[in-house]
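Structural overview
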Amino acid sequence: MATVPLFSQFPCKTLIPSSSNSKPQSKSPIILPINSINRRPEVGIAVHRPDFKVRATDVNDEWGSDAAEKRPSSSSVSVAEKDAEEAIESVEETERLKRALADSLYGTERGLRASSETRAEISELITQLESKNPTPAPNDALFLLNGKWILAYTSFVGLFPLLSRRIEPLVKVDEISQTIDSDSFTVQNSVRFAGPLATTSFSTNAKFEIRSPKRVQIKFEQGVIGTPQLTDSIEIPEFVEVLGQKIDLNPIKGLLTSVQDTASSVARTISNQPPLKFSLPSDNTQSWLLTTYLDKDLRISRGDGGSVFVLIKEGSSLLNP
């Protein structure tokens, strides 16, 4: 062994057995090197050589086998890397589905003009997104629910008469939205109408109660008719369509222009008035809503009768076609 010769540099005390007939020996011990002991078997001294064992360890393992056991094995590292890759792929797939859904909603006028084929495509995309819901308990993440949500699509037929009753392009449904305040547990549904001179809105105020991690119970309490807001400019179209009949407005453009100032003055007067609020009747003022998908951009909810609602957070890039 490499360490044994080092000990040969040190002296060793060797005791020589004495017989009863021999003369007393000197008190000074006989000093012999270890190497000489190994070469003189006649002395009769048994020398015990301790066994030296060498353990092979990783040169980078500062603390030996205990630390090595604490380090993750290559198999566990590969599993972690695989899980991370799958998580990234899942996020990318979800984003792709969200964009595909937003694109499929374009031109459907919140579902009013959607064909049966488009509805089937939208329904399939909704189902796939619901299976990838990143927020399984939406009511435990109220900070995500907070804010203004723009209705992008619905299968609720109760809204279709509202969407179809308009004199295009003079008056139209400009926006349907839902604003949630989780601090006060209130929700406001609002419909904004846009005309050539002003915009106005009709809203319902409600309270909601959490009934499960996904479900809320909504009770409508008040209706609000907003005061018209004057638009910056008036654009008079060349024609309007009423009940399928086109009416040419070119002959009366001059007349409409002449009354513009008067109409603007009236609109300004009305705009200064407070909104009109009224209580809603107790009949049919309650409903429930189930949130089946929720993230910072997109919300999918299902309501009474299996109706589905797709809402996009105000300011989200998904609102841009």
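Residues numbered from 1 in each chain as written. Predicted model: local features only at pLDDT ≥ 70, side-chain atom pairs only at ≥ 80, totals over all residues. Heavy atoms only, no water.

In the annotation of an unreviewed UniProt entry, the entry for the chain reads Plastid-lipid-associated protein 1, and the organism field reads Cardamine amara subsp. amara. Quoted straight from UniProt, the Sequence similarities (unreviewed entry) entry for the chain says "Belongs to the PAP/fibrillin family." (UniProt positions renumbered as here; feature names shortened; annotations may be inferred.)

The next point concerns the overall build of the chain. Scanning the chain from terminus to terminus reveals nine helices and 14 strands. Looking at the 321 residues of the chain, the share that counts as buried comes to 29%. In the chain, the share of contacts with a sequence separation of at least 24, taken over all contacts with a separation of at least 6, comes to 59%. Taken as a whole, the chain presents about 21500 Å² of accessible surface, with 55% of it coming from carbon and sulfur. (Helix = DSSP H or I, 4+ residues; strand = E, 2+ residues; numbered from the N terminus. Buried < 20%, exposed > 50% of the residue type's maximum accessible area, 1.4 Å probe, protein only. Contact = heavy atoms within 4.5 Å. Areas by Shrake-Rupley, 256 points an atom, 1.4 Å probe, with all protein chains shown as cover.)

On to the side chain of R110, then. With respect to the helices, strands and loops of the structure, R110 is situated in the loop between α4 (74-105) and α5 (116-131). Here the side chain of R110 touches V173 through a polar contact of 3.5 Å, landing on its backbone oxygen. Other than its neighbours up to four places away in sequence, R110 contacts L151, A152, Y153, T154, L163, V173, D174, E175 and I176. (Polar contact = N/O pair within 3.5 Å; in protein donor to acceptor, adjacent residues only side chain to side chain.)

Bringing α5 into the picture now. In this model, α5 (16 residues) spans 23 Å end to end at C-alpha, consistent with the 22 Å of a helix rising 1.5 Å per residue. The set of residues buried in α5 consists of T118, I122, L125, I126, L129 and E130. One side of α5 carries all its buried residues, which in axial view fall inside an arc of 135°. Exposed residues pointing more than 90 degrees away from the buried face of α5 are listed as S116, E117 and S131. (Expected span 1.5 Å × (residues − 1). Arc of directions from axis to C-beta.)

What follows covers the pattern of salt bridges. With the rule as written, the count across this model stands at 13 salt bridges. In this structure, D297 engages K296 in a salt bridge whose closest nitrogen and oxygen atoms are separated by 2.9 Å. D297 sits in the buried class, given a relative accessible area of 14%. Several salt bridges share partner residues, and in doing so they unite E95, K98, D295, K296 and D297 into one network. (Salt bridge = Lys/Arg side-chain N within 4 Å of Asp/Glu carboxyl O.)

Turning to the pairing of strand β4 (residues 172-181), a few remarks are in order. Sheet analysis places strand β3 (residues 147-154) next to β4, joined by four bridges and oriented antiparallel. The partner of I150 across the bridge, within β4, is S177. Relative to strand β5 (residues 186-194), β4 runs antiparallel, the two being bridged by nine bridges. Residue pairing across strands places I176 opposite V191, the latter belonging to β5. Taking the residues that link successive antiparallel strands as the turn, the β4-β5 hairpin has four residues, and the phi of F185 there is positive, at about 55°. (Pairing = 2+ DSSP bridges.)

Quick look at the side chain of T154 now. Within the secondary structure, T154 sits in strand β3. Residue class for T154 comes out buried when judged on its relative accessible area of 0%. Here the side chain of T154 touches F156 through a polar contact of 3.0 Å, landing on its backbone nitrogen. Beyond its immediate chain neighbours, meaning those up to four positions away, T154 contacts R110, G111, R119, L159, F160, V308 and F309.

Summed over the entire model, instances satisfying the criterion amount to two aromatic pairs. Judged by centre distance (6.1 Å) and plane angle (50°), the ring pair of F156 and F309 falls under tilted. Here F309 lies in strand β14 (residues 308-313) and F156 lies in the loop between β3 and α7 (160-164), a separation of 153 residues in the sequence. For F156, a relative accessible area of 35% gives the class partly exposed. Residues F185 and F208 carry aromatic rings whose centres are separated by 5.3 Å and whose planes lie at 55° to one another, so their mutual orientation is tilted. Of this pair, F185 sits in the loop between β4 and β5 while F208 sits in strand β6 (residues 198-210), and the two are 23 residues apart along the sequence. Across the ring face of W149, the terminal group of R299 is positioned such that the distance to the ring centre comes to 5.5 Å. (Phe/Tyr/Trp six-rings, centres within 6.5 Å; stacked < 30°, edge-to-face > 60°. Lys NZ or Arg CZ within 6 Å of the ring centre and 35° of its normal.)

Judged by nonpolar contacts, the single largest core of 24 residues is most densely connected at L151, L163, I176, I180, V187, F208 and I218. L97, I300, V308 and V310 belong to the second largest nonpolar core, which has 17 residues in total. (Core = buried A, V, L, I, M, F, W, Y, C linked by side-chain atoms within 4.5 Å.)

A cluster of acidic residues, E81, D83, E85, E86, E89 and E92, forms a negative patch at the surface. Among the secondary structure elements, E92 is positioned in helix α4. (Patch = residues over 30% accessible without salt bridge, like charges linked within 9 Å, V, L, I, M, F, W, Y side chains within 5 Å. Lys, Arg positive; Asp, Glu negative; His and termini not counted. Charge placed at Lys NZ, Arg CZ, Asp CG, Glu CD.)

So, about the pairing of strand β12 (residues 286-294). Of the pairings in the sheet, the one linking strand β7 (residues 215-225) to β12 comprises five bridges and is antiparallel in character. Its bridge partner being in β12, I218 is matched across the sheet by S287. Where β12 lies against strand β13 (residues 298-303), five bridges are found, and the strand directions are antiparallel. Residue pairing in the sheet places L289 in a bridge with G303 of β13.

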